Each structure stands twice: as structure tokens, then as C-alpha cells.
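Letter by letter, the chains look like this.
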Amino acid sequence: MGLLPYKNEPYLDWSDESNQKAMRAALEEVQGSLGRSYPLIIGGKRVETDGEIVSVNPSNPSQVVGRTGRATEREADMALETSTKTFDSWSKTEPEARARILLRAAAIMRRRKFEMLAWEVHEGGKPWAEADAQVAEAIDFLEYYAREMLRLKDGVDIYSIPGEESRYFYQPMGVGVVIAPWNFPTAILTGMSSAAIVAGNTIVMKPSEFTSIIGAKVAEIFEEAGLPEGVLNFCPGFGGEIGDYLVQDARTRFVSFTGSVATGLRINELAAKQIENQRWVKRVIVETGGKDAMIIDDSADLDAAAADIVKSAYGYSGQKCSAASRAILHRDVYDEVLDKVVEKARVLKVGVPESAGIEMGPVISEQQFEKVSDYIETGKDEGERVLGEDPGDPENGYFVSPTIYGGVDPKARIAQEEIFGPVLSVIPARDFDEALRIANDNPYGLTGGVYSKNRYHLERARQEFKAGNVYFNRSITGALVGVQPFGGFGLSGTDSKAGGPDYLPLHMLARTVVERF
Ligand code: NAD
């Protein structure tokens with residue numbers, strides 16, 4: 001298949017008036033489509049349910065973005081049954097044909113980009129640039145995994161002994177249950193689903209209950225791209241209602257999950273138990289949370305470091321698994337860096353992201369708002385609040401201002417637990433050794449960063465910083481597909497490295513076939 005080499009989708013230039021105009025038009029158009037209902041899609045058929053999921057705008061919770069069906073075990077069963085039946089034909093479909101569907105989905109997503117961005121603003125509360133980066137990432141996943149399938153379709157080279165031929169190749173695995181979080185509702189849902197599908201599997205796709213409308217849009221795009229009916233079964237529902245059922249079922253061959261560590265561990269546990277008629281050890285891909293640290297040593301470019309701490313801590317209101325939530329500063333530069341971070345965070349434009357120029361929107365839900373508010377209270381006993389106010393009334397939108405606690409003990413709860421909001425804990429360190437020790441003294445291990453001009457420090461961190469993605473002298477969020485394969489270890493997950501060369505094989509069975517001549 002003659003394809004251009006892989007290249008990341010460029011970000012939109014918001015200083016270009018035509019992009020601003022297109023975005024305003026898309027926002028208006030999507031505004032006119034709010035409140036619609038989206039049923040489940042199983043085997044290509046629209047399936048209505050008794051209950052519904054009502055999705056609201058986190059900037060204005062009284063505004064309904066839309067409603068989706070709400071699967072119960074009955075519909076989950078239908079989705080698993082259809083996936084099982086469709087596996088036979090889809091798994092035999094040529095890898096090139098499967099890859100073409102991803103390429104077409106990427107083209108459609110590109111054409112519908114502003115519309116997708118507008119849904120991100122309304123349902124996800126994302127500022128324009130954050131929404132754009134996310135939809136670009138979804139397009140990247142489609143383009144990258146299509147090429148990865150072409151790379152792997154005939155297997156990979158191994159050695160043979162004289163007189164024999166040894167072949168090593170991959171085959172589709174079976175029915176996958178794809179369970180996604182709300183924080184990257186287009187990118188992560190598209191990435192997990194497209195990898196599973198292009199590898200020849202069929203899936204039950206469950207978006208987060210907070211972003212089910214975007215889930216419906218992603219399902220629509222795969223349908224428009226010509227994915228045969230029953231390959232992707234769109235099954236919105238509450239995790240607490242259908243999650244266990246989907247994970248435990250004997251028809252489920254693998255689970256691809258991104259979300260919180262508590263849910264991830266539960267899935268891991270349930271998937272491990274064999275039930276009647278189960279004929280395999282289920283494979284579980286689990287990508288979870290982080291408590292990501294940036295270390296700034298005494299040789300660093302302090303202005304750049306402060307700017308990148310702010311970018312990494314407050315992008316999408318800190319609701320990124322990769323977000324910097326701990327800044328560990330060498331004591332000799334502690335005051336200066338903290339002052340710079342406070343100054344830059346103080347001027348972030350917080351507001352309803354429907355307007356251009358807004359840099360930080362709300363947090364996603366009332367539940368998340370309450371959780372972050374609780375941590376802000378806890379922080380008052382654990383550090384000195386040098387920036388931020390108590391959150392207001394959630395009825396006016398789930399807004400939390402950029403918050404910084406200084407002088408935090410590395411063992412404090414706000415320095416150890418994932419808050420998933422715009423709250424940064426700043427921790428002093430005596431020297432680089434201690435800074436690295438503090439960074440590593442956490443059960444998570446997702447992203448991390450070091451700002452330094454000291455070669456010895458960078459080389460040590462390269463080996464010793466306990467995180468799946470380590471970045472030097474730059475921000476620690478916004479991993480690019482194919483460029484910065486993403487995923488953590490420790491309690492951050494199974495190190496699957498989405499957007500990397502090892503990801504697709506996780507969705508396939510490797511076979512060794514040897515013939516003696
Ligand atoms: P969550 O665990 O609450 O929900 C994630 C998904 O799991 C949702 O679709 C939910 O409905 C479903 N779910 C809930 N209970 C379930 C159950 N018993 N069985 C099966 N599924 C169930 O997480 P969230 O709040 O949506 O997402 C935020 C979390 O995701 C944060 O911890 C963040 O760090 C993490 N995250 C990690 C990555 C990564 O790549 N490592 C990326 C994005 C987000």
C-alpha cells in the first residue's frame with residue numbers, strides 16, 4: 001500500500017482569523033444540536049434503552065449536551081454476542097482493508113475537525129487549543145495504527161535453523177471490551193478502539209458516562225468510514241452497572257482500559273478469574289493515574305522551567321494523567337521558581353471555554369469538583385496556599401482556580417495522591433539526590449520531568465527516574481503519537497505505550513510456525 005510517511009497532525013494556528021471564524025461557526029452549529037438523543041449501536045442497529053445518560057456542559061451544568069442510551073446487562077450481552085459473531089468475518093478481512101478504514105476515519109475526522117472541537121468544548125469543557133491537540137491526537141492514532149498494521153501484517157523476522165523455516169506472525173485475538181475515561185474522550189477512545197479493530201478484533205466500546213456524546217460521534221465516524229456492522233458496538237453505560245459484567249463474561253478475550261487505578265485494579269482482578277466456558281487467560285491492558293513530578297535543579301533555565309511547570313500543571317485544569325502535580329525545587333532556586341510559577345499561573349485566563357483565549361475551563365463534573373475541593377481543604381493543613389481561592393458554587397459551572405501549595409512535605413496527601421485538578425504541590429529539596437528520591441517515592445510512575453543543564457543529573461534521571469515517560473527541559477504533557485509512546489508503570493498501569501511500536505501486538509496473538517523441509 002503506497003502511503004505517505006507518518007506525520008503528526010499539525011495544530012491549528014489560532015492567530016489565523018479564518019480558524020477562529022470556523023471555530024465560532026462550529027460552536028454555533030453544535031449549540032443548535034445540543035440536547036439530542038443517541039441510542040446504542042449494536043450490529044449496526046440503533047438500540048433504544050429504558051434508561052438514559054444525560055450529559056451536561058461542565059461550564060453550565062443546567063445545559064444538557066445530549067442524551068445517550070444507558071446499557072444494562074441485557075444490552076451488554078447483545079453487544080458481546082454481536083461482537084463474537086462478527087469476529088469470524090472481520091478477523092479474516094485483509095489487514096490492508098482494515099487499515100484503510102482507519103485512514104478514512106482519519107480523513108473524516110479531519111474534515112469534521114471544528115465540529116469535533118466544538119463538542120469537546122461543550123461536553124468536555126476544553127479550551128480551544130486543548131480540544132485541538134486532542135482531536136489531532138485521535139487523527140494521529142488512526143494514521144499511526146493503520147501504518148503499524150501494515151508493518152506487522154506479515155509478522156516480524158526471526159532466525160531459522162538449517163533445513164527449516166521459522167515464521168513469527170500475528171493473528172487477531174477475539175472480542176475486546178474497550179473502556180475509556182472522560183479526559184481525552186476523542187483521542188483515547190479512538191486510539192484504544194482503532195488499535196483493537198485494525199488488529200482484526202471486534203469490540204464493545206464503552207465511553208465514559210461523562211462524555212458519551214463524544215463517544216457517539218466517534219462511533220458515527222467509524223460507521224461513516226465503512227466499518228462493517230458489528231465490528232464496533234457502541235455501548236454507553238455506567239461503569240458501575242455494566243463494567244463488571246463486560247469484564248467477567250466468558251466471551252471477552254481482552255479488556256483495554258484507561259481510567260483510575262481503583263477501576264483498573266478491579267478489572268485486573270475480575271478478568272483474572274476463570275468462569276464457566278472461558279477458554280483463555282484474558283489479556284488486560286490497564287492504563288491508570290499519575291502523580292507526576294517535575295524536578296528543577298539549581299542549574300536550570302528558571303524562566304523556561306516555570307513556564308513549563310504552569311503549562312504541565314494547568315493544561316485542561318490539571319485533568320491529565322500526565323499533568324505535573326508536584327514541583328520539586330532545589331532549595332537554592334526554590335523562592336525564585338515558586339515566584340515565577342505563581343506569577344504565570346495567576347494570569348491564566350479561566351472561564352467558559354466557548355470564548356477564544358480562555359486558557360483554563362472547568363473540571364468535568366460535580367463529583368470531580370467535590371473531590372478537588374476536598375483536596376484544597378486538605379492542602380490548607382499540609383502546606384501554605386500561595387495561589388488560589390476556595391471554589392465557588394458548582395451550579396455556576398465546575399470552576400476551580402489555579403491553586404499552588406508551597407512548602408509541602410513529600411509524604412503529605414496532596415503530594416502523594418492523584419488530585420486530577422488544577423492543584424500543584426511544591427516541595428523543596430536539599431540537592432538533586434533528594435529531589436530524585438522524592439520524585440520516586442510514589443506508587444505511580446507515569447510521567448516526570450527534569451529541568452537541568454547538568455549532564456550528570458540528566459543521565460542519572462534517564463536511568464533512575466521512575467516513570468514511563470521522562471522529559472528533560474520541556475513540559476511533561478501532550479505526548480505525541482509515534483514520537484512519544486505513552487504509558488506508565490507502577491500503579492500507573494501496564495506500560496502498554498499507546499502510540500508506540502509495541503502497542504498493536506498487545507491486541508494480537510503471536511504465532512510461531514516451523515516447517516522442516
Ligand atoms: P474511572 O476509572 O472512574 O472511569 C474510567 C472508565 O471506567 C469509565 O468509562 C467508567 O464508566 C468505567 N468504569 C467504572 N467502573 C467500572 C467497573 N467496575 N468496571 C469496568 N469499567 C468501569 O476514571 P475516569 O475518572 O473516567 O478517568 C480519570 C482517570 O483516568 C485518572 O486517574 C487519570 O489519571 C486516568 N487516565 C490515565 C491515562 C493513561 O494513559 N494512563 C490517560 C487518561 C486518564
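Everything quoted here is computed from the prediction, not taken from an experiment. (Residues numbered from 1 in each chain as written. Predicted model: local features only at pLDDT ≥ 70, side-chain atom pairs only at ≥ 80, totals over all residues. Heavy atoms only, no water.)

Chemist: Would you mind showing me how to read the site of the ligand here?
Modeler: Neighbouring the ligand are 28 residues, the closest being Ala180, Glu209, Ser260, Thr288 and Glu418. Within the side chain of Glu209, one N or O atom sits 2.5 Å away from an oxygen atom of the ligand. One nitrogen or oxygen atom from the main chain of Thr288 is found 2.7 Å from a nitrogen atom belonging to the ligand. Within the complex, the protein chains bury 88% of what would otherwise be the 860 Å² of accessible surface of the ligand. Secondary structure elements with two or more residues in the shell around the ligand: helix 8 (239–248), strand 10 (252–258) and helix 9 (261–272). (Near = heavy atom within 4 Å. Polar contact = N/O pair within 3.5 Å; in protein donor to acceptor, adjacent residues only side chain to side chain. Areas by Shrake-Rupley, 256 points an atom, 1.4 Å probe, with all protein chains shown as cover. Helix = DSSP H or I, 4+ residues; strand = E, 2+ residues; numbered from the N terminus.)

Chemist: Honestly, the sheet that holds strand 18 (residues 469–472) in this entry has me stumped. Any pointers?
Modeler: Strands pair in a sheet through their backbones, by hydrogen bonds, and they do so in one of two ways: parallel or antiparallel. Ordered by their spatial adjacency, seven strands build an open sheet running 14-15-16-13-12-17-18, and the pairing between neighbours is mixed. Sheet topology places strand 14 (384–387) and strand 18 at the edges, where each strand pairs with a single neighbour. Neighbouring strand axes in the sheet, compared pairwise and without regard to direction, differ in orientation by 25° on average. Relative to strand 17 (residues 447–451), strand 12 (residues 292–296) is paired through four bridges, and the arrangement is parallel. Bridge pairing in strand 17 links Ile295 to Val450. Its contacts with the sheet place helix 10 (residues 302–314) against strand 12, strand 13 (324–330), strand 15 (403–406), strand 16 (423–429) and strand 17, and it is angled at close to 170° to strand 12. (Pairing = 2+ DSSP bridges. Axes fitted to C-alpha atoms, helices over the stretch in contact; angles between N-to-C directions. Contact = heavy atoms within 4.5 Å.)

Chemist: Sorry if this is basic, but what is going on with helix 2 (residues 73–92) here?
Modeler: Residues spaced three or four apart along an α-helix point in a common direction, a consequence of the helix completing one turn every 3.6 residues. Here helix 2 contains 20 residues, and its C-alpha end-to-end distance of 29 Å stays within 8% of the 28 Å for a straight helix at 1.5 Å per residue. Within helix 2, the axis deviates most sharply at Thr86, by approximately 40°. (Expected span 1.5 Å × (residues − 1). Bend = angle between axes of the 7 residues up to and from the residue.)

Chemist: How should I be thinking about the pattern of salt bridges in this particular structure?
Modeler: If the charged atoms of two oppositely charged side chains come close together, the side chains can form a pair. On inspection of all chains with the given rule, the structure shows 39 salt bridges. For the salt bridge of Glu9 with Lys113, the shortest nitrogen-to-oxygen distance reads 2.7 Å. With Glu9 in the segment before helix 1 (17–32) and Lys113 in helix 4 (residues 113–124), this pair connects stretches of sequence that are 104 residues apart. Taken as a pair, Glu9 and Lys113 share a single burial class, namely buried. For Asp433, the salt bridge is made with Arg460, and the minimal N-O distance between the two is 2.3 Å. In this pair, Asp433 is assigned in helix 14 (residues 432–440) and Arg460 in helix 15 (residues 455–464), connecting sequence segments 27 residues apart. Here Arg460 falls in the buried class, since its relative accessible area comes to 17%. When salt bridges with common partners are traced through the structure, they connect Glu9, Arg110, Lys113, Glu143 and Arg147 into a single cluster. (Salt bridge = Lys/Arg side-chain N within 4 Å of Asp/Glu carboxyl O. Buried < 20%, exposed > 50% of the residue type's maximum accessible area, 1.4 Å probe, protein only.)

Chemist: What exactly am I supposed to notice about the domain arrangement of the chain here?
Modeler: In many analyses, interface size is given as the accessible surface area lost on bringing the parts together. Segmenting the chain into domains produces domain 1 (24–287 + 496–515) and domain 2 (292–481). When each unit is reduced to the centre of its C-alpha atoms, the spacing between domain 1 and domain 2 is 30 Å. With 29 residues of domain 1 in contact, the opposing surface of domain 2 contributes 32 residues. Both faces considered, domain 1 and domain 2 share a buried interface measuring about 2300 Å² in area, 65% of it formed by carbon and sulfur atoms. (Domains from an automatic or database assignment. Buried area = accessible area lost by both parts, 1.4 Å probe.)

Chemist: Would you mind showing me how to read helix 11 (residues 334–346) here?
Modeler: A rise of 1.5 Å per residue sets the reference length of helix 11, with its 13 residues, at 18 Å; its end C-alpha atoms lie 18 Å apart and thus fit the reference within 8%. Those residues of helix 11 that fall on the buried side of the exposure criterion are Tyr334, Val337, Leu338, Val341, Val342 and Ala345. Viewed end-on, helix 11 has its buried residues packed into an arc of 135°, placing them on one side of the element. Buried residues belonging to helix 11 abut strand 12, helix 10, strand 13, strand 14, strand 15 and strand 16. (Arc of directions from axis to C-beta.)

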